[in-house]
Amino acid sequence: MHLSVNETTMPRLHLIGTLSLLLVVTLMMAGFFSWQSVQDHRASLDRIAKVIHEQQQARLTSEMRSAVDYLEFVRQRTESVLRQSAVEQVDTAMQMVEAIHAQESKHRPAAEVQQLIRETLRPARFFEGRGYFFIDDLEGRFILLPTAPQYEGKGGIDNRDDTGHYIMRGLIEAARKPRGEGFSRYRWYRPDAPQTMAEKIAYVRLFEPYQWLIGTGDYLYEWEDRQKKEAMQRLRAFRFGASGSIGLLDRDGRSLISPNNPALEGLHPHQMATNERKALEKLWATAQAGGGIVEYDWPRKRANGQELGRKTALVSTYAPWGWVLVTSMFNDELESALHAEIYAHEAGNGEHYLRLAIVLLGVTALGIMGSFVFSHWSKKLFSRYHHELEQAHADLRIAAIAFESQEGIFVTNAQGVILRVNHSFTDITGYSAEEAIGQTPSLLKSGRHEAAFYQQMQQTVTTTGCWYGEIWNRRKDGTVFPEWLTITAVKTDQGEVTHYVSTLTDITQRKAAEEEIRYLAYYDALTKLPNRRLLLDRLQQALLTSRRTSRQGALMFIDLDHFKLINDTQGHDKGDILLQEVAQRLLKTVRAGDTVARLGGDEFVVLLEELSPQIDEAASQADAIAQKILATVNQTYTLDGNEIKSSCSIGVVLFTDTKASAEDLMKHADLAMYQAKESGRHAARFFDPEMHAAVIKRVALEKDLRTGLQQSQLFLLYQAQVNNHGHIVGAEALVRWQHPQHGMVSPAEFIPLAEDSGLILPLGQWVLQAACKQLACWAQEPMYAHLTLAVNVSGRQLRQPDFVQQVLKTLENTGAPAKQLKLELTESLLLDNPQDAITKMVALKAHGVGFSLDDFGTGYSSLAYLRRLPLSQLKIDSSFVRDLVSEPRAVAIVRTIVTLADSLGLQVIAEGVETQEQRDSLARNGCHAYQGYLFSRPGTVEELYLCAPDTSAHIM
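Residues numbered from 1 in each chain as written. Predicted model: local features only at pLDDT ≥ 70, side-chain atom pairs only at ≥ 80, totals over all residues. Heavy atoms only, no water.

J.: How would you summarise the overall build of the protein if you had to cite specific residues and measurements?
T.: Scanning the protein from N- to C-terminus turns up 28 helices and 32 strands. Looking at the protein as a whole, 41% of its 956 residues are labelled buried. Long-range contacts, defined here as pairs at least 24 residues apart, represent 58% of the contacts in the protein between residues at least 6 apart. If you sum the accessible surface of the protein, you get close to 51800 Å²; carbon and sulfur atoms cover 53% of it. (Helix = DSSP H or I, 4+ residues; strand = E, 2+ residues; numbered from the N terminus. Buried < 20%, exposed > 50% of the residue type's maximum accessible area, 1.4 Å probe, protein only. Contact = heavy atoms within 4.5 Å. Areas by Shrake-Rupley, 256 points an atom, 1.4 Å probe, with all protein chains shown as cover.)

Encoded structure:
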């Protein structure tokens, strides 16, 4: 059939063809999208299933790794646990032996003391009944052998184990090692297999008075069995996820741990039900094959009974103990996501197909309308339009690649000529598209890289098709900046390079952040000074330089005086400003080559180098700088308009000890600084080895004081307090310490030590307890029932939250009358937290306890606080009493104190009265109660002359 084409038929033919094509395309689109939806859903389910499987295996692998790491940790600590337990037992035995020797050796012959020690240790048993103490001497004789007493007194110096090791000689050698290191390893007969030897570890210490080796030991396999039991308990309780657990088989395939069914534990597979037997045989076969992932069926409990569930397990062998570890979980635990995806797809199918139908109908309607509108257009018009559309699509694809990125991008041809750049490229480099296109990337060269760098870059791109890394480039304005550059070659299917696409990112801020992190690692953020880490590095280098050049150096430890007071009164922000100002002053004070560092808080360190080789001259140089620092730091500071004064204390140590480490010098300088503090602050002190010895002595004395409190080495003496007629009205309880080696230790030595170490709390409680017991005794005797007893209270005791309860409980337990107890406090401790002190004093006052203000007149003597304090008595300090006869001002002070006490209704007593002239002067000025050597020295209760026939005993 011949069709004629003219102006009338062509539009009709065009319309018929367009509609036919539109119908075909519509049907194809409907079929394609339906098929695509099904395929996408299947692919989604496959991906989810794969991810679930991978997550399950990853979880099992992670838990297996954790379990193996735990077993390895438990196994490796077996020996250390045995060693620690042996040390504890032997240390306990040594304490008993030393106590028996110290107590009995003065009263018994050595043989009896030795026999007493042996019989004391003989019945001791531990380590589940296996452990016992043995004693040998340095000649190799058995002194104590509880398991074979028939060998006691006989020699065993040549005893050897099955490896040829001399057992007794090894123990003697171990005993000569420092404390805590006297271990010996040997083999000995097992209790459960007397013909077989097993490895044993013993720990011994040397008891020097008798040259005895006291020790104990145990078999290593016993402790390994103990560690195995501990590990099994931990693995049995471990769970992960909803159903994850860890099972355990031994080397024979027997079930050791079955978290889902404990009844299976201890059974072999052939002893189990069919399902459990098949599962364990499969797990055992996997373990024998080297381990791995395995799936199997396992019964699980449901509300309606049991059913088989599919499980996935990871099997691995722990070789050191011959165990097979199984981490497992039910497969359906992680399949909920897959079921949810299937349900969501099925629920959305109807809506999806409805939307698809609407879209297709809409497309069809628009196509028909378009066909009617454009059917009269000529073929030429369609051809031209099609060509322009294809060109526009190509341009859009290039634009999408080049301009939709936030990174700078430029595209070059194969010869390296820039073809396109995006806006981010212009923002980063400063070059516009017009300036960059037609140029090569050498436009950005900074000059910091050599030609070899670019040659290596080009070689990498040619070989691998890409290059990435950090590079320094130059902007249009000339500034050089770091960037991260990636170059990728674009190739045809034949492998021919057509273009290069480069992306660049300005990493200036990242590099600055990295530099800031490095700075903060070595410098103090507040003062910008080197921190401890950098100081120790420089100090180490300075020590090496000093030893190489023989020139001296010095280390100064600087601590600000009363900095806490400034922080508390001015605020921490002002304290920070002060620290910054001190840092700047220190930098200006020292030489350019010296180091000023801040350790933290108000502590600074100055490191001086290149001092004179002569020690005396180097010390003079260091002292001159220290004095300059003292003067500089002591100048006035202005903090937000407020002028304050500050000072510092300096400890100095020279590099004279060639064997001293950096940490040793820091400790020595710190000791010297505390010596400067004790000398009154605002001073510099050089480290003296005797100072170090004093610290060691102080540490030893602190240890002895702890022992003294435990062994009742302390006791109370009493100094009488008398009235104007010389009658005893009370006493002050004074603690004394009778040291077993050093004799009587002065309270001026051990009381400050107790304050610093915290022992003042148990010491103060002991004194209060002993004093209340004495008060309770006096209360039973009418002759002494009227006497009061004064007890000194420290600041630490008063600051305890339960101080009131402690005092009341002590009074209740001892039966002492509260109205006869008088607690002596000093002014300084009341000023630390006056309101807290007043509250506690009022509470005790309500129960009858009295208070005396000790050393009155030597502190702040605040009348505002004095008026509020519930005091009973003021005690005039001995410094005023001592000067009464020769110093009129002392007389005036005493008279003022008496007048003040009278006006407040308080009693007055003077301490330190040693002469009759002092007593008479006090009496003339209104003070009628006294304490001092004129009346009595501190003594026992009997020495208070309380044995007088009546309570008006006169002691003058």
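Having put the structure on the table, let's press on.
J.: Give a description of the sheet that holds strand β18 (residues 595–600) that names residues and reports values.
T.: With respect to topology, five strands assemble into an open sheet ordered β18-β19-β17-β22-β23, the strand pairing being mixed. Only two strands of the sheet have a single neighbouring strand rather than two, namely β18 and β23 (684–686). Taking the axes of each pair of neighbouring strands and ignoring which way they run, one obtains an average angle of 20° across the sheet. Packing against the sheet, helix α13 (residues 532–549) makes contact with β17 (552–560), β18 and β19 (603–611), and its axis sits at approximately 20° to β19. Relative to β19, helix α15 (residues 572–589) is tilted by about 5°, and along the sheet it contacts β17, β18 and β19. (Pairing = 2+ DSSP bridges. Axes fitted to C-alpha atoms, helices over the stretch in contact; angles between N-to-C directions.)

J.: Can you break down the pattern of salt bridges residue by residue, with the values?
T.: Using the criterion set out here, one finds 39 salt bridges in the structure. With a closest N to O distance of 2.9 Å, R190 and D192 form a salt bridge. Among the charged side chains, a network of salt bridges with common partners joins E79, R83, R185 and E199. (Salt bridge = Lys/Arg side-chain N within 4 Å of Asp/Glu carboxyl O.)

J.: Mind laying out the sheet that holds strand β13 (residues 418–421), listing which residues take part and the relevant values?
T.: With respect to topology, five strands assemble into an open sheet ordered β13-β12-β16-β15-β14, the strand pairing being antiparallel. Two strands bound the open sheet, and with one partner strand each, they are β13 and β14 (466–474). Averaged over all neighbouring strand pairs, the angle between strand axes comes to 25°, with direction disregarded. Bridge count between strand β15 (residues 480–491) and strand β16 (residues 497–506): nine bridges; the pairing is antiparallel. Note that in β16 the partner of T488 across the bridge is V501. Its contacts with the sheet place helix α11 (residues 451–464) against β14, β15 and β16, and it is angled at close to 155° to β14. Contacts from helix α12 (residues 508–522) reach β14, β15 and β16, with the element oriented near 130° to β15.

J.: Break down the nonpolar core for me, with residues and values.
T.: Generally speaking, a soluble globular protein has its nonpolar side chains buried in company with each other. Counting residues in hydrophobic clusters, the biggest one holds 73 residues, and the most contacted among them are L821, L823, L871, L874, I876 and L922. Top element by residues in this core is helix α20 (residues 760–779). It accounts for nine residues. Those residues in contact with L821 that sit more than four places away from it in its chain are L768, C772, L775, L789, V791, V807, L811, V849 and G850. Ranked by size, the runner-up nonpolar core spans 33 residues in total, among them M556, I558, I629 and C648. (Core = buried A, V, L, I, M, F, W, Y, C linked by side-chain atoms within 4.5 Å.)

J.: Which residues make up the packing of helix α2 (residues 78–104) against helix α3 (residues 110–121), and what values go with them?
T.: The interhelical angle for the contact between α2 and α3, taken along N-to-C directions, is 150°, at an axis separation of 10 Å. Taken together, α2 and α3 sit at an angle that is classed as roughly antiparallel. Remark: the crossing between α2 and α3 carries right-handed chirality. Contacts between α2 and α3 pair A93, M96, V97, I100, H101 and E104 from the former with V113, L116, I117, T120 and L121 from the latter. (Parallel < 35°, antiparallel > 145°, perpendicular 65-115°, else oblique. Left-handed = near helix turned anticlockwise from the far one by under 90°.)

J.: Explain the side chain of Q797 residue by residue, including any values.
T.: You can see Q797 is positioned in helix α21 (residues 795–799). A polar atom in the side chain of Q797 sits 3.2 Å from the backbone nitrogen of S794. Those residues in contact with Q797 that lie beyond four places of it in its chain are I760, L761, G764, Q765, N792 and F803. (Polar contact = N/O pair within 3.5 Å; in protein donor to acceptor, adjacent residues only side chain to side chain.)

J.: Explain the pairing of β14 to me, and be specific about the residues and the numbers.
T.: Only one face of β14 is buried: it carries W467, G469, I471 and N473, and the other face, with C466, Y468, E470, W472 and R474, is open. In terms of strand pairing, β14 meets β15 through nine bridges, oriented antiparallel. Along β15, the bridge assignment pairs G469 with L485. Taking the residues that link successive antiparallel strands as the turn, the β14-β15 hairpin has five residues, and the phi of G478 there is positive, at about 95°.

J.: Describe the packing of aromatic side chains, and please don't skip the residues or the numbers.
T.: Counted according to the given criterion, the structure contains 19 aromatic pairs. Between the aromatic rings of F126 and F127, the centroid separation amounts to 4.9 Å while the plane-to-plane angle is 90°, which identifies the pairing as edge-to-face. The class for F126 is buried, based on a relative accessible area of 10%. An aromatic cluster of at least three residues, connected via ring pairs, comprises F126, F127, F133 and W223. The positively charged end of R83 is found above the aromatic ring belonging to F183, 4.4 Å away from the centroid. Seen from the ring of Y221, R190 lies directly overhead, with NZ or CZ sitting 3.9 Å from the centre. (Phe/Tyr/Trp six-rings, centres within 6.5 Å; stacked < 30°, edge-to-face > 60°. Lys NZ or Arg CZ within 6 Å of the ring centre and 35° of its normal.)

J.: Run through a nonpolar patch on the surface, naming residues and quoting values.
T.: Where nonpolar side chains cluster on the molecular surface, the patch consists of F32, F33 and W35 and spans about 320 Å² of accessible area. Examined against the element boundaries, W35 turns out to sit in helix α1 (residues 9–76). A relative accessible area of 48% means that W35 is categorised as partly exposed. (Patch = residues over 30% accessible without salt bridge, like charges linked within 9 Å, V, L, I, M, F, W, Y side chains within 5 Å.)

J.: Quick rundown of the environment of V894? Include the residues and the values.
T.: By the element assignment, V894 lies in helix α27 (residues 888–904). For V894, a relative accessible area of 0% corresponds to the buried category. As for V894 and L922, which are separated by 28 residues in sequence, their C-alpha atoms are 7.7 Å apart. If near-sequence neighbours (up to four positions away) are discounted, V894 is found in contact with I876, F880, L884, L922 and N925.

J.: I'd like to hear about the packing of helix α22 (residues 803–814) against helix α24 (residues 834–845), residue by residue, with values.
T.: At a closest axis distance of 9 Å, the pairing of α22 and α24 adopts a crossing angle of 25°. Taken together, the axes of α22 and α24 are roughly parallel relative to one another. With respect to the hand of their crossing, α22 and α24 are arranged in right-handed fashion. Facing α22, whose interface residues are F803, V804, V807 and L808, α24 presents K840, A843 and L844. By residue class, the composition of the contact of α22 with α24 is six nonpolar, no polar and one charged. (Nonpolar A, V, L, I, M, F, W, Y, C, P; charged D, E, K, R; others polar.)

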